Amino acid sequence: SLERFGRVQALQTQRKFASTLTAIKDETETANTEAKQCSTFQSMQEERRERAERSVLISCPPKFNESKFLKLLSTHGTVKKYFFYHNSTTNAVVEFSSRNSIASLMESTRLPSGSSIPFKSRLMSLKWPDTQSPLRKVKLQDLTPPTPLDTIKKLSKKNSIDEQLQCLMDIYQLTEESISLRYLVCSLLGDLAGVYFPQSVIRPFGSTVNGLGRLGCDLDMILDLNGTYEGSQKRSSPHLEYQVKMALSERAMVQTILSVIARCLEKFGPGFGGVESIPHARCPIVRFSHETSGLSCDLTLNTFGMKSSELLFLYGQLDPRVRPLLFAVRFWAQNHGITKVVPGAWITNFSLTLMEKPQFKPEANLFIRNPFEEDLNVSKNVNEKQLSNFVTLCQKCAWISQTQNVLKPLSGSVKEFNSPWGFVALLPEHMYTPVFATLKRKKPSVNITDLFKTLKLTKKTDANEGESVVAD
Ligand code: GTP
Ligand code: MG
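Residues numbered from 1 in each chain as written. Chains lettered and ligands numbered in written order. Predicted model: local features only at pLDDT ≥ 70, side-chain atom pairs only at ≥ 80, totals over all residues. Heavy atoms only, no water.

1. Some remarks on the overall build of the chain
The helix and strand tally for the chain stands at 13 helices and 10 strands. The buried share of the chain, taken over its 472 residues, is 37%. By element, 55% of the accessible surface of the chain is carried by carbon and sulfur atoms, the whole surface being about 29,500 Å². (Helix = DSSP H or I, 4+ residues; strand = E, 2+ residues; numbered from the N terminus. Buried < 20%, exposed > 50% of the residue type's maximum accessible area, 1.4 Å probe, protein only. Areas by Shrake-Rupley, 256 points an atom, 1.4 Å probe, with all protein chains shown as cover.)

2. Notes on the pattern of salt bridges
Considering all chains together, one arrives at 16 salt bridges under this definition. A salt bridge links Arg-49 to Glu-53; the nearest nitrogen and oxygen atoms lie 3.2 Å apart. Taken together, the positions of Arg-49 and Glu-53, both in helix α1 (residues 2–53) and 4 residues apart, correspond to about one turn of that helix. For Arg-49, a relative accessible area of 22% gives the class partly exposed. Measuring nitrogen to oxygen at the nearest pair gives 3.7 Å for the salt bridge that ties Glu-176 to Arg-51. One end of the pair, Glu-176, is in helix α6 (residues 176–196); the other, Arg-51, is in helix α1, with 125 residues separating them in the sequence. (Salt bridge = Lys/Arg side-chain N within 4 Å of Asp/Glu carboxyl O.)

3. Observations concerning unusual backbone geometry
For Ser-88, which is not glycine, the phi dihedral falls at a positive 65 degrees. One can find Ser-88 in the loop between β2 (79–87) and β3 (89–96).

4. Section: the sheet that holds β3
For sheets, the rule is that strands pair by backbone hydrogen bonds, running either parallel or antiparallel. Reading across from one edge, β4-β1-β3-β2-β5 is the order of the 5 strands in this open sheet, with mixed pairing throughout. Each having just a single partner strand, β4 (123–125) and β5 (140–141) make up the two edges of the open sheet. One ladder, built from 8 bridges, connects β2 with β3; its direction is antiparallel. When the bridges of β3 are listed, Tyr-85 appears paired with Asn-91. (Pairing = 2+ DSSP bridges.)

5. Remarks on the sheet that holds strand β6 (residues 201–205)
Pairing is mixed in the open sheet, where 5 strands are placed in the order β6-β7-β10-β9-β8. Edge strands, defined here as strands with exactly one partner in the open sheet, are β6 and β8 (272–278). With strand direction ignored, the average angle separating the axes of adjacent strands in the sheet is 25 degrees. In terms of strand pairing, strand β9 (residues 285–290) meets strand β10 (residues 295–300) through 5 bridges, oriented antiparallel. Directly across from His-290, in β10, lies its bridge partner Leu-295. Contacts from helix α7 (residues 250–268) reach β7 (219–224), β8, β9 and β10, with the element oriented near 160 degrees to β8. (Axes fitted to C-alpha atoms, helices over the stretch in contact; angles between N-to-C directions. Contact = heavy atoms within 4.5 Å.)

6. Let's talk about the nonpolar core
Ranked by size, the top nonpolar core spans 39 residues in total, and within it Ile-152, Leu-168, Phe-331, Trp-332, Ile-347 and Phe-423 carry the most contacts. Mapped by element, the contributors of at least two residues to this core are α4 (148–156), α5 (161–172), α9 (322–335), α10 (349–354), α11 (384–403) and α13 (429–465). Setting aside residues no more than four positions away along its own chain, Phe-331 makes contact with Thr-151, Leu-168, Tyr-172, Phe-423, Leu-427 and Met-431. Cys-186, Val-254, Ile-261 and Phe-288 belong to the second largest nonpolar core, which has 24 residues in total. (Core = buried A, V, L, I, M, F, W, Y, C linked by side-chain atoms within 4.5 Å.)

7. Regarding the confidence of the model for the chain
For the chain, the mean per-residue pLDDT works out to 84, and 80% of the residues sit at or above 70. Counted against residues more than four places away or in other chains, residues 227–231, with its pLDDT under 50, gives 3 contacts. Low pLDDT (under 50) marks residues 441–452, which in the prediction has 0 contacts with non-local residues, meaning those over four places away or in another chain. What the predictor reports for the complex is a pTM of 0.82 with an ipTM of 0.95. (pLDDT = per-residue confidence, 0-100.)

8. A short note on α4
Taken together, the buried positions of α4 are Thr-151, Ile-152, Leu-155 and Ser-156. The arc that holds the buried residues of α4, viewed along the axis, is 125 degrees, so those residues lie on one side. (Arc of directions from axis to C-beta.)

9. Overview of the packing of aromatic side chains
To describe a pair of aromatic rings, one takes the distance between the centres and the angle between the planes. Under the definition given, this model contains 14 aromatic pairs. With a centroid separation of 6.1 Å and 40 degrees between ring planes, the pair formed by Phe-69 and Phe-84 is classed as tilted. Here the residue Phe-69 occupies a position in helix α2 (residues 66–74), and Phe-84 occupies one in strand β2, the gap between them amounting to 15 residues. Judged on exposure class, the residue Phe-69 and its partner Phe-84 are both buried. Through a chain of ring-to-ring contacts, three or more aromatic side chains come together here, namely Phe-64, Phe-69, Tyr-82, Phe-84 and Trp-128. Note that Lys-340 overlies the ring of Trp-346, its terminal NZ or CZ placed 4.7 Å from the centroid. (Phe/Tyr/Trp six-rings, centres within 6.5 Å; stacked < 30°, edge-to-face > 60°. Lys NZ or Arg CZ within 6 Å of the ring centre and 35° of its normal.)

10. Points about the packing of α4 against α5
Remark: α4 packs on α5, axes separated minimally by 9 Å, with the N-to-C direction vectors making an angle of 145 degrees. The handedness of the crossing between α4 and α5 comes out as right-handed. Residue-level contacts link Thr-151, Lys-154, Leu-155 and Ser-156 of α4 to Gln-164, Cys-167, Leu-168, Ile-171 and Tyr-172 of α5. Its residues assigned to classes, the contact of α4 with α5 comprises 5 nonpolar, 3 polar and 1 charged. (Left-handed = near helix turned anticlockwise from the far one by under 90°. Nonpolar A, V, L, I, M, F, W, Y, C, P; charged D, E, K, R; others polar.)

Structure below.
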């Protein structure tokens, strides 16, 4: 019985231990989830940035042997992920497991004969002698947005406005591959910027990271100088301080840094083109295109964009309805010409997204609060004419939705052949007219073909029977 008593005690101790362990585990999990939620935005960015640093971009010939290409790359280390896409040429994004593989690959990559440019980039070209067969086309990822016609067709087939908005987001949002490519372009630019500013990091912001990015949207980047502008702390103890060049103002320094990067890109940055400095804008930027990825890029030094991107990202995380709604509003505004790709006196996607109950301030046409500095107006640039266009459009759409019975789909399988409804009805007519016109035209033409077929058949039968029914 002593032995049994001992066993019972051991069992009880074991159970106590197990429940304590479960409690600790639960607490740890809760803490981890909280920590994860707090750091999601930054950690996601860091993870993607680190992956981009282990990646290369390779322009390929139209046909080559995919497995031999991979074999060639694998001699430098494990290829973790890769995909192909088309933009003028076929291109490959290749992610290695380790950064050492990049060093090894770059070591073995040749400079084109006669080249005197010393900068070696992670943008390379695959040279494939014709004798290396069999050659095949590779499977390509589509990184381009769907056509308006396809979009309207898809939306019209949905059963509710909620489904339409969800569908719009699903077909337009950035894919995993398009996001990887964007981070890689930042990383390639970072290599170049690092020549002058070794501690700097190029970070994407705006719609690439805020959860509202559409296929084909621009790539906004920040040159984060990473500690170059340290706040001055008064120290009583002896210490060392860097000697630096003083500028007339911080704005003047920003302009100088951007002009240096612009010149570097123009002269030494393979894949970068159309470089244009815009130093006198409210927020100085360098605008350029990255030809291999097909992306239009804006580079700035203003870190405000990073904070506001995180804010929009968090809005999207808080409620699943936010992102589909904002995709729809941005799509609607873009197609009505309310927002434009170039800056000007019109409302931007950013201010449109932040719009809450449009607050009356006598000194402004439109006042949309800057969420970080409530007295500042993010729509200060909007002039009276643009505001009036916007208000007229809102009134028209409100009128359509209230009076034309377009909010519900027609029942039955023919709803998409009839007329625009739901979100589609609020888009410009020129977008949906071709869809409904084609579908309406198509129907009678099918009937006529069928009628001719019937007539032919009837004629044959009649010829056999020696009678005519054409008049019938
Ligand atoms: P799309 O590029 O149109 O998909 O959207 P986006 O959110 O990236 O907007 P955009 O490229 O126009 O701007 C990029 C970033 O610049 C935004 O996320 C904001 O941080 C900032 N920004 C843009 N417009 C304004 C503005 O009118 N006022 C302020 N303060 N910041 C702006
Ligand atoms: Mg943008």
